[in-house]
Amino acid sequence: MSAPIVAKGLEGVVVGNTALSRVEGQIGRLTFRGYDIHDLARHITFEEAAHLFWKGELPTRAQYDDLKMQMAHARMIPNHVMQIARGLPKNSEPMDALRTLVSALGAGNPLKQPDLSAVMMLTAQTPILLAAFDRYRRGLEFIPPRGDLDHAANYLYMLSGTEPTAAQTRALNVYLVLLSDHGLNASTFAARVIASTWSDLYSCITGAVGALKGPLHGGAPSRALEMIEAIGKKENAETWMRAALAKKERLMGFGHRMYKAEDPRAEILRDLARGVCAPQLFELAQSVEQTGLQILHESKPAERIYTNVEFYSAVILHAVGLAKDMFTPTFAASRMAGWTAHILEQVADNRLIRPDAEYVGPAPRAVKAIDQR
Ligand code: COA
């Protein structure tokens, strides 16, 4: 029998259907339920994106108001979860805190099977969990969400205690919309694998948070900003980046498994960054980007490496006032819309996800008694 072809990293393997988002990596196009993300970024808020994923269509005004009201009512965090948020070591990484707190939300929760009201509640609660942990670790009191602010504005308000400007709210909304889904990325796949076992919503999302944390997936943006800051001025970019590549390091914010053209989200976020971030930082970021692309194209001409979403995400999230280690958790708060929609899609037409592996270990052999090994 001939050996099966092993699709390492499952690259190019189609394992199911989705009606949520379409990633056309060769031409750099991303659509959510048929809408181009350029169009969506101009017109909608995070709540509208969530509605689009969960219910199939963009909301009418009445549906939008209703969703916002339902999400506002879903924001109460159980006491035991707040106590855990307060009790976590202050030096915990916020992604570790999020993973723990999502898991804690599932404990003792009778309504943990994935359905519309459960996914809405978890999505509404995520920024609150993050803001609570962030304030506790800084020795500050928790600031409850406000009923009159939308999801994006509330998040910034709960973190800082100050109502964000319209420009900050808009920038965060665009970010949250753009990052809310992306085909069968690693964390979404993890969530769907767990959902396919008929496990509960909180287990699915706990697994997804763990997958998103890795720097090859969602853990890159803080590293991208660290890189820009370490380079410091544009004259240093080439030497710094060549030295990093010589040490076999990866340049954060470049390259993508799917995109062999520019990531359309990077293009939108670059334009947005031009308007919201300090001009000095934007200029530095742009010259780091150009130098990085030039060096990567030169050293890996066959790979077609472009700027990915994380590069300008870092710049935007910094500009709206977030600490670096809150970048990936904020990505998680956005992806919550996509993760939960994928979980609903998985359970609506489920088949246990159980791939196979080509065995390459020893041939059959007999066990020797312990003293004879
Ligand atoms: N910096 C340096 N080299 C890179 C690179 C980067 N950002 N992205 C890809 N490469 C190189 C790899 O080293 C590899 O070269 P090699 O075959 O000589 O080892 C080649 O290009 C192909 O990379 P590979 O990891 O197989 O591509 P992929 O499609 O699986 O990887 C990423 C996609 C995202 C994992 C990869 O581009 C990366 O590590 N980027 C940096 C981290 C990042 O920005 N993550 C956020 C993703 S949205």
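Residues numbered from 1 in each chain as written. Predicted model: local features only at pLDDT ≥ 70, side-chain atom pairs only at ≥ 80, totals over all residues. Heavy atoms only, no water.

Colleague: Is there a simple way to explain empty space enclosed by the protein in this structure?
Modeller: Gaps between atoms show up when a probe of the same size as a water molecule is rolled over them. Enumeration according to the criterion identifies 1 cavity of 30 Å³ or more in this entry. Of the voids in this model, the largest cavity is the one considered here, and its volume is about 30 Å³. Considering the residues around the largest cavity, the lining is formed by Arg-75, Ala-124, Pro-127, Ile-128, Pro-145, His-151, Asn-154 and Met-158. When grouped by side-chain class, the residues that make up the lining of the largest cavity number 5 nonpolar, 2 polar and 1 charged. (1 Å grid on protein atoms, 1.4 Å probe; cavity = no way out; pocket = protein on both sides within 12 Å on 5 of 7 lines; lining within 4 Å. Points joined across faces, edges and corners; volume = space filled by probe spheres on them. Nonpolar A, V, L, I, M, F, W, Y, C, P; charged D, E, K, R; others polar.)

Colleague: Is there a simple way to think about the nonpolar core in this case?
Modeller: Soluble globular proteins tend to bury their nonpolar side chains together. By size, the foremost hydrophobic cluster in this structure holds 114 residues, and its most contacted members are Ile-205, Met-241, Phe-254, Val-288 and Leu-322. No other element matches the 12 residues that helix α6 (residues 116-137) contributes to this core. The residues that make up this core include at least three from each of domain 1 (35-216 + 326-348) and domain 2 (221-319). Beyond its immediate chain neighbours, meaning those up to four positions away, Ile-205 contacts Val-102, Leu-122, Met-336, Trp-339, Thr-340 and Ile-343. (Core = buried A, V, L, I, M, F, W, Y, C linked by side-chain atoms within 4.5 Å. Buried < 20%, exposed > 50% of the residue type's maximum accessible area, 1.4 Å probe, protein only. Helix = DSSP H or I, 4+ residues; strand = E, 2+ residues; numbered from the N terminus. Domains from an automatic or database assignment. Contact = heavy atoms within 4.5 Å.)

Colleague: Looking at this model, I keep getting lost on the packing of aromatic side chains. Mind explaining?
Modeller: Here the distance between the centres and the angle between the planes together describe a pair of aromatic rings. The final tally for this structure, using the stated rule, is 4 aromatic pairs. Their ring planes at 40° and their centres at 6.2 Å tell us that Phe-282 and Tyr-312 sit as a pair that is tilted. On the criterion of sequence distance, the pair formed by Phe-282 in helix α14 (residues 279-299) and Tyr-312 in helix α15 (residues 309-319) is long-range, its members being 30 residues apart. Taken as a pair, Phe-282 and Tyr-312 share a single burial class, namely buried. Every member of this aromatic cluster is reached through a ring pair, and the members are Phe-254, Phe-282, Phe-311 and Tyr-312. Positioned over the ring face of Tyr-157 is Arg-146, at 5.0 Å from the centre of the ring. (Phe/Tyr/Trp six-rings, centres within 6.5 Å; stacked < 30°, edge-to-face > 60°. Lys NZ or Arg CZ within 6 Å of the ring centre and 35° of its normal.)

Colleague: What is the right way to read the sheet that holds strand β1 (residues 21-24) from this model?
Modeller: Two pairing modes exist for strands in a sheet, parallel and antiparallel, and in both the strands are linked by backbone hydrogen bonds. Taking strand neighbours across the sheet as the criterion, the 3 strands line up as β1-β2-β3 in an open arrangement whose pairing is antiparallel. Looking along the sheet, the strands with just one partner apiece sit at the ends: β1 and β3 (35-36). Bridging between β1 and strand β2 (residues 29-32) involves 4 bridges; their strand directions are antiparallel. Note that in β2 the partner of Arg-22 across the bridge is Thr-31. (Pairing = 2+ DSSP bridges.)

Colleague: Would you take a moment to explain a nonpolar patch on the surface for this structure?
Modeller: On the surface, a cluster of nonpolar side chains totalling about 300 Å² of accessible area is made up of Leu-10, Val-13, Val-15 and Leu-184. Here Val-15 shows up in the segment before β1. (Patch = residues over 30% accessible without salt bridge, like charges linked within 9 Å, V, L, I, M, F, W, Y side chains within 5 Å. Areas by Shrake-Rupley, 256 points an atom, 1.4 Å probe, with all protein chains shown as cover. Salt bridge = Lys/Arg side-chain N within 4 Å of Asp/Glu carboxyl O.)

Colleague: Any chance you could explain the layout of surface pockets here in plain terms?
Modeller: In this model, the second largest pocket occupies a volume close to 290 Å³. Residue lining of the second largest pocket: 15 residues in total, with Ala-7, Leu-10, Pro-355, Asp-356 and Ala-357 positioned closest to the centre. Broken down by class, the residue content of the lining of the second largest pocket amounts to 11 nonpolar, no polar and 4 charged.

Colleague: Before we go on, may I ask you to explain the pattern of salt bridges in this structure?
Modeller: Once the charged atoms of two side chains with opposite charge are near each other, the side chains can pair. Counted according to the given criterion, the structure contains 21 salt bridges. Note that Arg-257 and Glu-11 form a salt bridge whose closest N and O atoms lie 3.7 Å from each other. Of the two residues, Arg-257 sits in the loop between α12 (237-246) and α13 (264-276) while Glu-11 sits in the segment before β1, which places them 246 residues apart along the sequence. On the accessibility criterion, Arg-257 (47% relative accessible area) is partly exposed. Here Asp-134 and Arg-137 are joined by a salt bridge, their closest N and O atoms 2.8 Å apart. Of the two residues, Asp-134 and Arg-137 are both situated in helix α6; the distance of 3 residues between them amounts to about one turn of the helix. What you see here is one network of salt bridges that share partners, running through Glu-93, Asp-96, Arg-99 and Lys-213.

Taken by themselves, the reported measurements are silent on function.
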